[in-house]
Amino acid sequence: MTNRSHWEDVYQHKTADQVSWYAPHLQTSLAYIQAASSSPTSSILDIGGGESTLVDDLLDSGYASIAVNDISEKALAVCRERLGSRASRVHWLEGDVLEMDLPVNQFDVWHDRAVFHFLTEPSQRARYVEQVMHALKEGGWAIVGSFGANGPTQCSGLPVQRYTAESLHSQFGDAFELMEHKSEHHLTPWGSSQEFVYCLCRKRAG
Ligand SMILES: C[S@@+](CC[C@H](N)C(=O)[O-])C[C@H]1O[C@@H](n2cnc3c(N)ncnc32)[C@H](O)[C@@H]1O
């Protein structure tokens, strides 16, 4: 099964609140995005957004330039349907973040909750960081949330790489300054606790 067919299969068979990563609102993500870039004209890219309500909350917060990526067509279709007429205010980018042709120096904020941790090969992580470097403006913000050092070893049946804030930041290297980080415990819909770590990093100039 390819990565794409794995995720299409997940979203064909489960509703938004039947997946382990479900939360009614991505509060930490939203708070970090607002702290990083509060201007309504900030350009925000959510990588692997799935069916999360982050896009709804960003629209409610007044952001006018939002792009949502996912490898799953079905996940994006569910979001579009939920948003109704508001869906046309969002750019929908279906595809693999490692392969997508992203615009250069376009985004003020790159957000990723629970996607980077699936990249278990160093070459995949290097490609991902290349994509962030390419698409993010100088002085832009990368917000990445992954399983913490004591988090699960799998997500959606796939192996994951777990991180401390320091090891997560080190994947991005000196081109990014670690501005803030936090750990939190996510409760799955069936009550299991999962440790996440979030890093808020700023792309240095030059
Ligand atoms: C664990 S879910 C997290 C979804 C959402 N970010 C959230 O926190 O609710 C991972 C998401 O990443 C997407 N995904 C996985 N690999 C991807 C890739 N290489 N490129 C883009 N999206 C990907 C999946 O389809 C899925 O929606």
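All values derive from a computational prediction rather than experimental measurement. (Residues numbered from 1 in each chain as written. Predicted model: local features only at pLDDT ≥ 70, side-chain atom pairs only at ≥ 80, totals over all residues. Heavy atoms only, no water.)

A.B. asks: Go over the environment of Val55, please, and point to the residues and values.
C.D. replies: When you line up the elements, Val55 lands in helix α3 (residues 54-60). We classify Val55 as buried; its relative accessible area is 2%. Look past the residues within four positions of Val55 in its chain and what remains in contact with it is Ile66, Val68, Arg82, Leu83, Val90 and Trp92. (Helix = DSSP H or I, 4+ residues; strand = E, 2+ residues; numbered from the N terminus. Buried < 20%, exposed > 50% of the residue type's maximum accessible area, 1.4 Å probe, protein only. Contact = heavy atoms within 4.5 Å.)

A.B. asks: Mind laying out the pattern of salt bridges, listing which residues take part and the relevant values?
C.D. replies: This model, assessed by the stated rule, comprises 7 salt bridges. In this structure, Glu130 engages Arg127 in a salt bridge whose closest nitrogen and oxygen atoms are separated by 2.8 Å. Residue Glu130 and its partner Arg127 are both found in helix α5 (residues 122-135); the two are separated by 3 residues, about one turn of the helix. According to the relative accessible area criterion, Glu130 is partly exposed, its value standing at 47%. Among the residues examined, Arg127 registers a relative accessible area of 29% and is labelled partly exposed. (Salt bridge = Lys/Arg side-chain N within 4 Å of Asp/Glu carboxyl O.)

A.B. asks: Go over the pairing of strand β2 (residues 65-70) with me, naming the residues and quoting the values.
C.D. replies: Buried residues dominate β2, accounting for 5 of its 6 residues. Relative to β2, strand β1 (residues 43-47) runs parallel, the two being bridged by 4 bridges. Across the sheet, Ser43 pairs through a bridge with Ser65, a residue of β2. For the crossover that starts at β1, traverses α3 and ends in the parallel β2, the hand is right-handed. The sheet contact formed by β2 and strand β3 (residues 90-94) spans 5 bridges and is parallel. From the neighbouring strand, Ala67 faces β3, where its bridge partner is His91. The parallel pair β2 and β3 is bridged by helix α4 (residues 73-83), and the resulting crossover is right-handed. (Pairing = 2+ DSSP bridges. Right-handed = clockwise from strand over helix to strand, strands pointing away.)

A.B. asks: I'd love a proper account of helix α6 (residues 165-172), names of residues and values included.
C.D. replies: Along α6, the residues classified as buried are Ala165, Leu168, His169 and Phe172. Relative to the axis of α6, the buried residues are bounded by an arc of 95° and lie together on one face. Phi for Gly173, located one or two positions after α6, is positive at around 80°. (Arc of directions from axis to C-beta.)

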